[in-house]
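Listed below, chain by chain, are the residues.
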Amino acid sequence: MPDSTQSRTGELRDFSSAPAHVFPAFRCSQPPRLDCAAAGFAFTENILYLGKAMTTFAADASDPHAVGPLVATVLLRMVLLPFFHPLMAVVSATGINAVVGERGPGARVGLALCALLVAIALHGIWDWSGLVGSDPLLIFEIYGAVLVPVFVTMLILALVLRRRAGRLVAAFLPALARDGHIDPVEVSTLASLGQRRRWRKTVRRWWGRSAARATARYQAEASRLGIRATHAQATGHGEDALDDQAWTVAEARADLSMAITGTRSSVEQTV
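Residues numbered from 1 in each chain as written. Predicted model: local features only at pLDDT ≥ 70, side-chain atom pairs only at ≥ 80, totals over all residues. Heavy atoms only, no water.

Student: I'd love a proper account of the packing of aromatic side chains, names of residues and values included.
Tutor: Taken as a whole, this structure holds 4 aromatic pairs when the rule is applied. On the basis of an interplanar angle of 50° and a centroid distance of 6.3 Å, the ring pair of Y143 and F151 is categorised as tilted. For Y143, a relative accessible area of 12% translates into the label buried. With a centroid separation of 6.1 Å and 75° between ring planes, the pair formed by W199 and Y218 is classed as edge-to-face. Placement of the pair is W199 in helix α8 (residues 193-207) and Y218 in helix α9 (residues 209-235), with a sequence separation of 19 residues. A single burial state applies to W199 and to Y218, both of which are buried. An aromatic cluster of three or more residues is present, and its members are F84, W126, Y143 and F151. Taking NZ or CZ as reference, R253 lies 5.5 Å from the ring centre of Y218, over its face. (Phe/Tyr/Trp six-rings, centres within 6.5 Å; stacked < 30°, edge-to-face > 60°. Buried < 20%, exposed > 50% of the residue type's maximum accessible area, 1.4 Å probe, protein only. Helix = DSSP H or I, 4+ residues; strand = E, 2+ residues; numbered from the N terminus. Lys NZ or Arg CZ within 6 Å of the ring centre and 35° of its normal.)

This is how it looks when you write it as structure tokens:
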């Protein structure tokens, strides 16, 4: 019967066979993520509103009408609003992202400022619906008439931008392979989301979750390198960030090799 470890290695080779000497064996921790600041703020604000509603309800528990404001607060803060502030952050970030490829300072400032003003206006409409008028359902009507369409629009925009970014990355992968940042056999795999998922599933099946996470990180960092290379080509600057990202890709590839090698050794000992 053939060696199971050899069959696993052969299956993985269909996806990645970059020689270890191309990627130095150094490691470092990933930079801290700052993209959840809006969600953290929303979580804190929701906790404060819920705490206030529960305190008010506890003080007036004997009043049969006291449960109404509590239920409304729970519905708003736990069901409808957890993604409100992240949505405002996404609207602002969309404008900032749009200026990356712009050369003129006027276009950069104008697009970013317009996105910020849109986010402020949306938040202002929501605050106005809760403070003005005697209709208790007005805030829900505003939510359905304004925020739900914005949610849907941003979802469609995210899908479109994801597809566009995928095309940009796929176009630059051969150049990355030519420069030695990725192995040539990985070009077709990294260019397809389906092939990426299949690669991660294969690694997870034979080498475990930690190796699959390392694979996902390597795929993401390679994509970021392709996107930054595209931006550098379009704007004529950003070479330092490009070099830093190339270094990060090498680290991610070294981490992937180390994760697979370490898990493979433990498997071979039990085979």
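And the narrative resumes.
Student: Outline the nonpolar core, listing residues and values.
Tutor: By size, the foremost hydrophobic cluster in this structure holds 26 residues, and its most contacted members are L173, I182 and Y218. Counting only elements with at least two residues in this core, the list comes to α6 (138-178), α7 (187-190), α8, α9 and α10 (239-270). Not counting the four nearest positions on each side in its chain, L173 is found in contact with I182, V187, L190 and A191. By size, the runner-up hydrophobic cluster in this structure holds 17 residues, among which are I139, I142, L147 and V150. (Core = buried A, V, L, I, M, F, W, Y, C linked by side-chain atoms within 4.5 Å. Contact = heavy atoms within 4.5 Å.)

Student: Tell me what's going on with the side chain of R196, and back it up with residues and numbers.
Tutor: Looking at the secondary structure, you find R196 in helix α8. No salt bridge is formed by the buried R196, whose closest oppositely charged neighbour, E186, lies at an N-O distance of 9.6 Å. In this structure R196 touches V169, T189, L190, Q219, A220 and S223, once residues within four positions along its chain are discounted. (Lys, Arg positive; Asp, Glu negative; His and termini not counted. Salt bridge = Lys/Arg side-chain N within 4 Å of Asp/Glu carboxyl O.)

Student: Just give me the short version of the environment of A250, but keep the residues and values in it.
Tutor: Along the chain, the position of A250 falls in helix α10. The class of A250 is buried, set by a relative accessible area of 13%. A250 sits 69 residues away from H181 along the chain, and the two C-alpha atoms are 7.0 Å apart.

Student: I'd love a proper account of helix α5 (residues 105-131), names of residues and values included.
Tutor: Compared with an ideal rise of 1.5 Å per residue, which puts 27 residues at 39 Å, α5 spans 38 Å between its outermost C-alpha atoms and is within 8% of the ideal. Every buried residue of α5 is accounted for by A115, A119, L122, W126 and S129. Residues of α5 that are buried sit in contact with α3 (67-80), α4 (84-98) and α6. (Expected span 1.5 Å × (residues − 1).)

Student: Would you mind going over a nonpolar patch on the surface in detail, with residue names and values included?
Tutor: Taken together, the side chains of V109, L113, L116, L117 and I120 make up a nonpolar region of the molecular surface, amounting to roughly 460 Å² of accessible area. Residue classification places L116 among the partly exposed residues on the basis of a relative accessible area of 40%. (Patch = residues over 30% accessible without salt bridge, like charges linked within 9 Å, V, L, I, M, F, W, Y side chains within 5 Å. Areas by Shrake-Rupley, 256 points an atom, 1.4 Å probe, with all protein chains shown as cover.)

Student: So what about the packing of α6 against α9? Which residues, and what values?
Tutor: Axis separation between α6 and α9 bottoms out at 8 Å; the angle between their running directions is 90°. By the criterion of interaxial angle, the relationship of α6 to α9 is roughly perpendicular. Contacts between α6 and α9 pair A165, L168, V169, F172 and L176 from the former with A222, S223, L225, G226, I227, A229, T230 and Q233 from the latter. Residue composition of the contact of α6 with α9, grouped by class: 9 nonpolar, 4 polar and no charged. (Axes fitted to C-alpha atoms, helices over the stretch in contact; angles between N-to-C directions. Parallel < 35°, antiparallel > 145°, perpendicular 65-115°, else oblique. Nonpolar A, V, L, I, M, F, W, Y, C, P; charged D, E, K, R; others polar.)

Student: Report on the pattern of salt bridges, specifying residues and quantitative values.
Tutor: In total, this model carries 5 salt bridges according to the counting rule given. Among the salt bridges present, the one from E186 reaches R253, with a minimum N-O distance of 3.6 Å. Highlighted residues: E186 in the loop between α6 and α7 and R253 in helix α10, separated in sequence by 67 residues. Summarising the burial analysis for this pair, E186 and R253 share the class buried. Where salt bridges share partners, they join R217, E221, R224 and D255 into one cluster.

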